[in-house]
Amino acid sequence: MSQQKETYHDYVIKDGQFIGRFDEMYQQFDQPWMQDKQPNPYSRQAGILHLKQFGIQSVLECGSGLGYYSQEIYRQTGIIPQGIELSETAVSRAKSLFPHLSFTADRVENLARYPQVDAILFAELTWYVLPQLSDLFAIMAEHFPGKYFINNLVFYKNTQRYGTEYFTNLREFIDYVPFPVVGYCEATTEKDTTIETSSIFRIEPK
Ligand SMILES: C[S@@+](CC[C@H](N)C(=O)[O-])C[C@H]1O[C@@H](n2cnc3c(N)ncnc32)[C@H](O)[C@@H]1O
């Protein structure tokens, strides 16, 4: 039997199990998630609309990857996001692709180090930090009260295997977050296997 060729997915979630070898993945693959193609166009645009709608002037993009979404935010709003990303390989590539932007190798678990921003953005990060989510919300409540949390996340149409015990659609996600939701949207097309979502919450103290 011939062995199946590895894909970047094998380094992230495989057979419903979290693997999380992100830095090795970036060393092996040039464009995981086709980041240069601005995937999930509806939710990306909705995230940018949320920034504009709520008068947000500064944003911390957690899990900023190769920096393409930060660049799109900058192009459309003039905001230079602070990107943090656990893979040093990704950060070094983001820095050379977008030298006018700001990227640091750091984990989302350290977001309290960046208290000066108006909003925290998770763009396609949440599936990879499920066990840490309640701690992350506690950090937000302590260090970012009155600010915003924006979450862009795709859900899978009837095929999700990982994380179903947390949430399986946008409504369940909104119910899971301990802050009031102040805006949300979801979108898909007939041919897509995913539903794109973007939601924004006002962070409240505990
Ligand atoms: C699907 S990519 C999204 C990249 C970018 N936000 C975008 O929308 O194009 C998710 C990124 O989160 C990063 N990541 C995963 N766990 C993380 C953590 N605990 N702290 C910081 N970054 C993390 C991964 O290395 C990966 O680059």
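Above this text you will find the structure in question.
The model shown is predicted, which means the values in this text are computed figures rather than measured ones. (Residues numbered from 1 in each chain as written. Predicted model: local features only at pLDDT ≥ 70, side-chain atom pairs only at ≥ 80, totals over all residues. Heavy atoms only, no water.)

**Student:** Teacher, can you tell me more about the packing of aromatic side chains here?
**Tutor:** When we look at a pair of aromatic rings, we describe it by the centre distance and by the angle of the planes. Per the stated rule, a full pass over the model turns up 20 aromatic pairs. Taking the centre distance of 6.0 Å and the plane angle of 65° together, the rings of Tyr166 and Tyr176 count as edge-to-face. Of this pair, Tyr166 sits in the loop between strand E7 (148–156) and helix H6 (170–176) while Tyr176 sits in helix H6, placing them ten residues apart in sequence. The structure contains a cluster of three or more aromatic residues connected by ring pairs, namely Phe122, Trp127, Phe137, Phe149, Phe155, Tyr166, Phe167, Phe173, Tyr176, Phe179 and Phe201. The lysine or arginine in question, Arg171, covers the ring of Tyr184, its NZ or CZ lying 5.8 Å from the ring centre. (Phe/Tyr/Trp six-rings, centres within 6.5 Å; stacked < 30°, edge-to-face > 60°. Helix = DSSP H or I, 4+ residues; strand = E, 2+ residues; numbered from the N terminus. Lys NZ or Arg CZ within 6 Å of the ring centre and 35° of its normal.)

**Student:** Mind showing me how you'd approach helix H2 (residues 41–53) here?
**Tutor:** Along an α-helix, residues three or four positions apart point the same way, because every turn accommodates 3.6 residues. Counted at 1.5 Å a residue, the expected span for H2 with its 13 residues is 18 Å, and the 18 Å between its end C-alpha atoms agrees. Looking at H2, one finds that the buried residues are Ser43, Arg44, Ala46, Gly47, Ile48, His50 and Leu51. Looking at the buried side of H2, the elements it contacts are strand E3 (59–62), helix H3 (68–77), E7, strand E8 (181–187) and strand E9 (194–202). Just downstream of H2, Gly55 is the residue with a positive phi angle, here 65°. (Expected span 1.5 Å × (residues − 1). Buried < 20%, exposed > 50% of the residue type's maximum accessible area, 1.4 Å probe, protein only. Contact = heavy atoms within 4.5 Å.)

**Student:** Would you mind going over H3 with me for this structure?
**Tutor:** Listed as buried for H3 are Tyr68, Tyr69, Ser70, Gln71, Glu72 and Ile73. Buried residues along H3 sit in contact with H2, E3, helix H4 (88–97), strand E5 (102–105), strand E6 (119–123) and E7. Phi for Gly78, located one or two positions after H3, is positive at around 85°.

Scope: geometric values only; no functional claims are made or implied.
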